Every structure is written in C-alpha cells, then in structure tokens.
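# Architecture at a glance
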Amino acid sequence: MTIQDIQNDIIDEFSMFEDWEERYQYMIDLGKTLPLIETEYKTDDNLIKGCQSKVWVHAEMKDNAVIFTADSDAIITKGIIAILIRSFSNQHPKDILDANTDFIDKIGLKEHLSPTRANGLVSMIKQLKMYAIAYQTQLS
C-alpha cells in the first residue's frame, strides 16, 4: 500500500466515530498495536526532542524500505506515534520524504491536542522524516 492509501484508510477509520472521546479511545487502541522498540534502543539518542512525554523511535532499512519501531510512556502519545508509524513504516525513504501529513488535519487530530502535544506531533513527524533523509542519502 502507498502512504496515501494508508492515510486514506486512517481518515476513513476516524470518520466512523461520532465524537472525540471515541477517537481518543481508538488512538489508545492503536497504541497497543504499535510495533514496539527493542529495549536496547530506548536510549536518549532515540528520544524525540520536543515531546511532553517520552517517545522513542528507532529506524532501520530493510529491502529499501524504512522500518520504524517506537514506544512512549503516555497512552495518547503512543497512539499518535502508532498512527505515524502505520503511515510511514515499510516505505521507501523518498516516498516518506515526498508524503504530506494532511491526513492529520483531516482526522482533526491537531485541533484536539494540547499545544505541547501538538508540538510533540510536529517533532515526531520531523524525526521520522530525518530518518528518511539519512536513509535516502545512503541510497543515493
């Protein structure tokens, strides 16, 4: 599936819920399906700067696709990173770099986050794209 296809699926899934309480619960459930980072990668180097909660992200390249794993110490944040990883993991670095993140606005996520969580969301996206830049550079 392309990143756009995955993001469209996420938009469709979120549109099934009536209110934000249900959407938050769904995000928490998504967080429980997150491909968890190995304990050895839960280091300060893999900690995303700018997040209110602790969020660790690890990336590796396999068959020209970036594979992300992550974890967080907060359930909502774990759901947020799960959504991002679902969108970007197992994709070619260039596709990650070219992808937009409009789907976040379409599901209404940004407007329902506190300012510090919204800043954390931006930091998470930046970090995933930074990994993609590093791996794209290796391929070039």
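Everything here concerns the structure above.
The notes below deal with the structure included here. Owing to the predicted nature of the structure, the values given are computational and were not obtained by experimental measurement.

Before going further, it helps to examine the overall build of the chain. The secondary structure content of the chain amounts to six helices and two strands. For the chain, the N- to C-terminal ordering of α and β elements is α-α-β-β-α-α-α-α. Over its C-alpha trace the chain gives a radius of gyration of 14 Å, about what one expects of a compact globule, namely 14 Å for 140 residues. Overall, the chain is about 45 × 30 × 25 Å in size when its C-alpha atoms are taken along their principal axes. Evaluated residue by residue, the chain yields a buried proportion of 49% over its 140 residues. Taking as baseline every contact in the chain between residues at least 6 positions apart, the subset at least 24 positions apart corresponds to 65%. Total accessible area on the chain stands at roughly 7,500 Å², and carbon and sulfur atoms take up 49% of it. For the chain, the distance from the average position of its 14 positive side-chain charges to the average position of its 22 negative side-chain charges is 5 Å.

The next point concerns the environment of Asp29. Within the element layout of this structure, Asp29 appears in helix H2 (residues 20–32). Look at Asp29 and you get partly exposed, because its relative accessible area is 35%. Sequence-wise, Asp29 and Ala82 are 53 residues apart; in three dimensions their C-alpha atoms are separated by 9.6 Å.

What counts, and where the lines are drawn
- Each chain has its residues counted from 1, running along the sequence as written.
- Confidence filtering applies because this is a predicted model: local features only for residues at pLDDT of at least 70, side-chain atom pairs given and counted only at 80 or more, and all residues used for totals across whole chains, interfaces and linings.
- Excluded from the side-chain calculation are hydrogens and water; included are all heavy atoms of the structure.
- Helical segments are the DSSP runs of H or I of at least four residues, strand segments are the runs of E of at least two, and each set is numbered from the N terminus.
- C-alpha atoms define the radius of gyration in this analysis, and the globule rule sets the expected value at 2.2 Å times the number of residues to the power 0.38.
- Per-residue accessibility, obtained with a 1.4 Å probe over protein chains only, is compared with the maximum for each type, and a residue is labelled buried under 20%, exposed over 50%, and partly exposed between these values.
- By definition in these notes, contact holds between two residues if any of their heavy atoms fall within 4.5 Å.
- Note on areas: Shrake-Rupley with a 1.4 Å probe; residue coverage comes only from the protein chains shown.
- Residues scored as charged are limited to Lys and Arg (positive) and Asp and Glu (negative), so that His and the chain ends carry no count.
- By convention, charge coordinates are those of NZ in Lys, CZ in Arg, CG in Asp, or CD in Glu.

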